[in-house]
There are 2 protein chains.
Amino acid sequence: MLSKKTKYAFHALTYLGKHRDQKTVLIHDISEEYGISHKFLENILLELRKAGILGSKKGKGGGYYLIKEPKDVALSKVIRLLDGPIALLPCVSLNYYEPCAECKSEALCGLNKVMIQVRDEMLNVLENKSLADILDKE
Amino acid sequence: MLSKKTKYAFHALTYLGKHRDQKTVLIHDISEEYGISHKFLENILLELRKAGILGSKKGKGGGYYLIKEPKDVALSKVIRLLDGPIALLPCVSLNYYEPCAECKSEALCGLNKVMIQVRDEMLNVLENKSLADILDKE
DNA sequence: TATTACCCTATAATATTTATAGACTTTATA
DNA sequence: TATAAAGTCTATAAATATTATAGGGTAATA
């Protein structure tokens, strides 16, 4: 399951996407809208900014804004950023690969093979759907 | 990511699948083979038994054995049993449905729609692949 | 009837996730 | 230029979930 962090990130991005006409949006406004702790959200937005998805402006009149086109923000990117691997096993993760501790041989592991399929099916959706697809439906 | 519990369950099932010729297999043998804590594994096997996947026999000469054909043990069943929902959001889970706390309207939620797609793609593999597919490759 | 091996519940240890705190920097504007 | 607004950053606390252990109970076998 996606963590709250990731869900909150999607909510924030949706809100920012809907308010692209404004120069900036306050953390406060987003946290109010979804009932998210201001400080918790702060950390999330910071990560999104460091990843180049959001921009920010300090000081009075400041806030956050989308720096990318919604269509260029793949859902997979957001999930990986906040939650880490999308794959169900570390040994089939493209971005966070690690061998499985108890596994003797990846080549001979039947689970490994199936989980590669699952991963690819998931990515097929998550890499090709973007913030734009979410915004469309709201 | 799958929990250790689920991974251990798959290992145990694989081991039991490979030793179907024997009447029973000791917890001990499985825990040795994969370096899993005996007691931890015990709880897992118990759950698999309660779910009707394994049978057991008490006393001397006892142990566990597969009660179903490997092809009839869908991977999705094992994951749901030990890990809970396969879906990435509670609001799109078929077996563990819950509304999302911060979500105002499921019908208007863009994430909801995409995550249904992801779930279906995952299930497309996990419902149709079984223990038999894992055994094949080992 | 002694021994083996699973049954079951409770609890402890650890790790992860979620949330909070507080001091700091930048910016607008009165 | 003083003040208040708003994001920055790091640390830590609280809550929750996962992983592991403990120990007595029950059934089967020889």
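Residues numbered from 1 in each chain as written. Chains lettered and ligands numbered in written order. Predicted model: local features only at pLDDT ≥ 70, side-chain atom pairs only at ≥ 80, totals over all residues. Heavy atoms only, no water.

Draft legend 1. Just the pairing of strand β1 (residues 54–57) of chain B, in detail. Residues and elements named next belong to chain B. Looking at chain direction, β1 and strand β2 (residues 63–66) are connected through four bridges and run antiparallel. Bridging from a neighbouring strand, Lys-57 pairs with Gly-63 of β2. Connecting β1 to the next strand, β2, in antiparallel fashion are five residues, including Gly-59 with a positive phi near 75 degrees. (Pairing = 2+ DSSP bridges. Helix = DSSP H or I, 4+ residues; strand = E, 2+ residues; numbered from the N terminus.)

Draft legend 2. Quick look at the relation of the copies chain B and chain A. Superposition record for chain B on chain A: RMSD 0.1 Å, screw rotation 180 degrees, translation along axis 0.0 Å. Here the symmetry operator amounts to a two-fold rotation axis. Nearest to the rotation axis, the C-alpha of Glu121(B) is located 2.8 Å from it, this being the minimum over chain B. Looking at the interface residues of chain B, 100% of them are also at the interface in chain A, so both copies use one shared face. (Least-squares fit on C-alpha atoms with pLDDT ≥ 70 in both. Contact = heavy atoms within 4.5 Å.)

Draft legend 3. Fine view of helix α5 (residues 110–126) of chain A. Compared with an ideal rise of 1.5 Å per residue, which puts 17 residues at 24 Å, α5(A) spans 25 Å between its outermost C-alpha atoms and is within 8% of the ideal. For α5(A), the set of buried residues is Gly110(A), Leu111(A), Asn112(A), Val114(A), Met115(A), Val118(A), Arg119(A), Met122(A), Leu123(A), Val125(A) and Leu126(A). On the buried face of α5(A), the contacting elements are α4 (75–83) of chain A together with α1 (4–18), α4 (75–83), α5 (110–126) and α6 (131–136) of chain B. (Expected span 1.5 Å × (residues − 1). Buried < 20%, exposed > 50% of the residue type's maximum accessible area, 1.4 Å probe, protein only.)

Draft legend 4. Local environment of the packing of α1(B) against α4(B). All names here are of chain B. Interhelical geometry of α1 versus α4 gives an angle of 135 degrees and a closest axis separation of 9 Å. By the criterion of interaxial angle, the relationship of α1 to α4 is oblique. In the packing of α1 onto α4, the handedness of the crossing is right-handed. Residues Lys-5, Thr-6, Ala-9, Phe-10 and Leu-13 of α1 form the contact with α4, whose participating residues are Leu-75, Val-78, Ile-79, Leu-82 and Asp-83. Its residues assigned to classes, the contact of α1 with α4 comprises seven nonpolar, one polar and two charged. (Axes fitted to C-alpha atoms, helices over the stretch in contact; angles between N-to-C directions. Parallel < 35°, antiparallel > 145°, perpendicular 65-115°, else oblique. Left-handed = near helix turned anticlockwise from the far one by under 90°. Nonpolar A, V, L, I, M, F, W, Y, C, P; charged D, E, K, R; others polar.)

Draft legend 5. The domain arrangement of chain A, seen in detail. All names here are of chain A. Here chain A is partitioned into domain 1 (4–66) and domain 2 (70–136). Of the residues lining the interface, 15 residues belong to domain 1; the matching set on domain 2 comes to 12 residues. Counting each side, the surface lost to burial between domain 1 and domain 2 is near 1200 Å², with a carbon and sulfur contribution of 82%. Considering only the side of domain 1, the residues that lose the most area to domain 2 are Thr-6, Phe-10 and Ile-53, jointly responsible for 40% of the buried surface there. Linking domain 1 to domain 2 there are one residue pair in polar contact (both at pLDDT 80 or more). For the side of domain 1 that touches domain 2, the elements supplying multiple residues, two or more each, are α1 (4–18) and α3 (38–50). With eight residues, α1 is the single largest residue contributor to the side of domain 1 that touches domain 2. (Domains from an automatic or database assignment. Buried area = accessible area lost by both parts, 1.4 Å probe. Polar contact = N/O pair within 3.5 Å; in protein donor to acceptor, adjacent residues only side chain to side chain.)

Draft legend 6. Molecular detail of the protein's contact with DNA strand C. Close to DNA strand C lie 29 residues, the nearest being Lys39(A), Glu42(B), Arg49(B), Ser56(B) and Tyr64(B). Sugar plus phosphate: this is where 65% of the atoms of DNA strand C within 4 Å of the protein reside. Here a base nitrogen of DNA strand C and a side-chain polar atom of Glu42(B) are 2.6 Å apart. Note that a base oxygen of DNA strand C is positioned 3.1 Å from one of the backbone N or O atoms of Lys60(B). (Near = heavy atom within 4 Å.)

Draft legend 7. Broad picture of the side chain of Ser31(B). Residues and elements named next belong to chain B. With respect to the secondary-structure elements, Ser-31 resides in helix α2 (residues 27–34). Here the side chain of Ser-31 touches His-28 through a polar contact of 3.0 Å, landing on its backbone oxygen. Aside from chain neighbours lying at most four places away, what touches Ser-31 is Ile-36, Ser-37, His-38 and Leu-41.

Draft legend 8. Inspection of the environment of Asp83(B) at higher detail. Residue and element names in this part refer to chain B. Topologically, Asp-83 is positioned in helix α4. Residues Asp-83 and Leu-2 lie 81 residues apart in sequence; the distance between their C-alpha atoms is 7.0 Å. When sequence neighbours within four positions are dropped, the list of residues in contact with Asp-83 reads Met-1, Leu-2, Ser-3 and Thr-6. Separated by 2.5 Å, the side chains of Asp-83 and Ser-3 make a polar contact.

Draft legend 9. Summary view of the packing of helix α2 (residues 27–34) of chain A against α3(A). All names here are of chain A. It is the contact of α2 with α3, at a shortest axis distance of 9 Å, that shows an interaxial angle of 120 degrees. Judged by the angle between their axes, α2 and α3 are oblique. When you trace α2 past α3, the crossing you get is right-handed. For the pair α2 and α3, contact is made by Ile-27, His-28, Ile-30 and Ser-31 and by His-38, Leu-41, Glu-42 and Leu-45, respectively. Across the contact of α2 with α3, the residue classes break down as four nonpolar, three polar and one charged.

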